[in-house]
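Here are the chains, one letter per residue:
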Amino acid sequence: MRFSLLSLVRNAFSNHQNWGRQWRQPEPKKTYDAIIVGAGGHGLATAFYLASEHGLTNIAVIEKGWLGGGNTGRNTTIIRSNYLYDESAALYDHALKLWEGLSQALNYNVMYSARGVLMLAHNHHDVMSFKRHIYANRLNGVDNEWLSREQVKDFCPPLNISPDIRYPVVGGALQRRGGVARHDAVAWGYARAADALGVDIIQNCEVTGFKRDASGAIAGVETTRGPIATKKVGVVAAGHTSVVMARAGLRMPLESFPLQALVSEPVKPVFPCVVMSNTIHAYISQSDKGELVIGAGTDQYVSYSQQGGLHVTTHTLDAICELVPEFRRMRMLRNWGGIVDVTPDRSPILSKTPIAGLYVNCGWGTGGFKATPGSGHAFAHTIAHDTPHAVNAPFTLDRFRTGRLIDEAAAAAVAH
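Now for a quick tour of the structure. (Residues numbered from 1 in each chain as written. Predicted model: local features only at pLDDT ≥ 70, side-chain atom pairs only at ≥ 80, totals over all residues. Heavy atoms only, no water.)

**Things to note about the overall build of the protein**
Logical step 1: Counting its secondary structure elements, the protein contains twelve helices and 20 strands.
Logical step 2: When its C-alpha atoms are laid out on the principal axes, the protein stretches across 70 × 65 × 40 Å.
Logical step 3: Here the contacts in the protein between residues at least 6 apart in sequence split such that 76% fall between residues at least 24 apart.
Logical step 4: In the form shown here, the protein has an accessible surface area of approximately 18,200 Å², with 52% of it arising from carbon and sulfur atoms.
Logical step 5: Averaging the positions of the 40 positive and the 34 negative side-chain charges in the protein gives two centres separated by 4 Å. (Helix = DSSP H or I, 4+ residues; strand = E, 2+ residues; numbered from the N terminus. Contact = heavy atoms within 4.5 Å. Areas by Shrake-Rupley, 256 points an atom, 1.4 Å probe, with all protein chains shown as cover. Lys, Arg positive; Asp, Glu negative; His and termini not counted. Charge placed at Lys NZ, Arg CZ, Asp CG, Glu CD.)

**Here we look at the state of the cysteines**
Logical step 1: Under the counting rule described, the total for this entry stands at zero disulfides.
Logical step 2: Left without a disulfide partner, Cys321 is nearest to the cysteine sulfur of Cys156, which lies 15 Å away.
Logical step 3: Taking the relative accessible area as the measure of exposure, Cys321 reaches 22% and is therefore partly exposed. (Disulfide = S-S within 2.5 Å. Buried < 20%, exposed > 50% of the residue type's maximum accessible area, 1.4 Å probe, protein only.)

**Quick look at helix H7 (residues 183-196)**
Logical step 1: Counted at 1.5 Å a residue, the expected span for H7 with its 14 residues is 20 Å, and the 21 Å between its end C-alpha atoms agrees.
Logical step 2: The set of residues buried in H7 consists of Ala185, Val186, Ala187, Gly189, Tyr190, Ala191, Ala193 and Ala194.
Logical step 3: Contact partners of the buried residues in H7: helix H2 (41-54), helix H3 (86-100), helix H4 (102-106), strand S9 (200-202) and helix H10 (372-385).
Logical step 4: Just past H7, the residue Gly198 takes up positive phi, approximately 105°. (Expected span 1.5 Å × (residues − 1).)

**Some words on the packing of aromatic side chains**
Logical step 1: Under the criterion given, the structure shown has eight aromatic pairs.
Logical step 2: Ring plane angle 65° and centroid distance 5.8 Å describe the contact between Tyr49 and Tyr190, whose orientation is recorded as edge-to-face. Taken together, the residues Tyr49 in helix H2 and Tyr190 in helix H7 connect sequence positions 141 residues apart. When sorted by exposure, Tyr49 lands in the same class as Tyr190, which is buried.
Logical step 3: Ring centres of Trp99 and Tyr112 lie 6.5 Å apart, and the angle between their planes is 20°; on these two criteria the pair is classed as stacked. Linking Trp99 in helix H3 with Tyr112 in the loop between H4 and strand S5 (117-121), this pair joins segments that are 13 residues apart in sequence.
Logical step 4: Lys131 extends its terminal NZ or CZ atom over the ring of Trp146, reaching a point 5.2 Å from the ring centre. (Phe/Tyr/Trp six-rings, centres within 6.5 Å; stacked < 30°, edge-to-face > 60°. Lys NZ or Arg CZ within 6 Å of the ring centre and 35° of its normal.)

**What to know about the pattern of salt bridges**
Logical step 1: Per the counting criterion, the structure on display carries 16 salt bridges.
Logical step 2: Of the charged contacts, one joins Asp93 and Lys97 as a salt bridge, the two residues approaching to 3.9 Å between their closest N and O atoms. Note that Asp93 and Lys97 are positioned in helix H3 at a spacing of four residues, about one turn of the helix.
Logical step 3: Judged by its relative accessible area of 6%, Asp93 falls in the buried class.
Logical step 4: For Lys97, a relative accessible area of 54% translates into the label exposed.
Logical step 5: Two residues, Asp93 and Arg177, come together in a salt bridge whose shortest N-O distance is 3.0 Å. Within this pair, whereas Asp93 is found in helix H3, its partner Arg177 is found in the loop between strand S7 (171-175) and strand S8 (179-180), the two being separated by 84 residues in sequence.
Logical step 6: Through salt bridges with shared partners, a single network forms among Asp93, Lys97, Glu100, Asp143 and Arg177. (Salt bridge = Lys/Arg side-chain N within 4 Å of Asp/Glu carboxyl O.)

Here it is, written out as structure tokens:
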């Protein structure tokens, strides 16, 4: 049976309309047991675990835009847990273990693919740094292994390992459990599962202020759709956390940077894993749609722009074309920028705040997507019990006062 392109488009549009009619658009209730601000991956995951593990179903996720319309829909889907410090390794590996069974837990295919994350070494410093990570990871029960230059080529044949290129490959660190998942599927999977448990997901509802009781504790939020009463609010608004928290009178230790990425035209499967390089600051994988997914580092300046500077993308493509010469004739399909919140130590904040009943999840920088299940799971525990889960206990807001930082900014083998 033949299908015309027009008929396929019509069917896709029809399915989209049907899905829209099935989705509940509840009006805000007068009172909720808890409110989550932000309907991205972390916020929706928090709501799901609050309902599924802590029995709090009278909760709402409120979003100023649309579900999954922020960084969740703009990231490059990399999943790994090979961080250096004990605290980071525990948090990200907690997330990775949840990724492995997430499709079954949500009854929704999030397209998790453990194809391996390969970090390339180009010089003596890279070799020493990666081997340090490997040994630290093994002590924490996290898989990571060293590959020689020839083993790198065997694992990822398209790579150019010639000694004559500007940044020759001398080896690499491989986490085989690492990989990718489909970003928007994660948001929809958590949303569907939370909705089925009775959670209200309210879009086009921006928080404009916080209500406090006589003791100063949270009593509710003011929104563009009216006031909502609650005694617990968890803020998970990546890229805009400082703005939201300022409305509660709190100043956050955050800066916001554009983070750029792009995809190529789709082609047949040619790239078997995720490859990352800190030296040339680029990373590449191939999506299930066939697009090459390519990303760079954060821009050098703070901004809320979702476009960023062109030179960042250009330099990244120059490096990718030297590293994988067969991609030189590929065409870029689209590029974009997300906004990432960055803390002074480049580690996240999952914490209570000085205001009773107000909790914050932010500062993930370039590491937010990979942490989604673990972040939501730990943050839900923190909100439900008013005390942190073991894996997020070190990631308090108070560490910037005490100086007990988790400085992955200096330690990370690569920034993503």
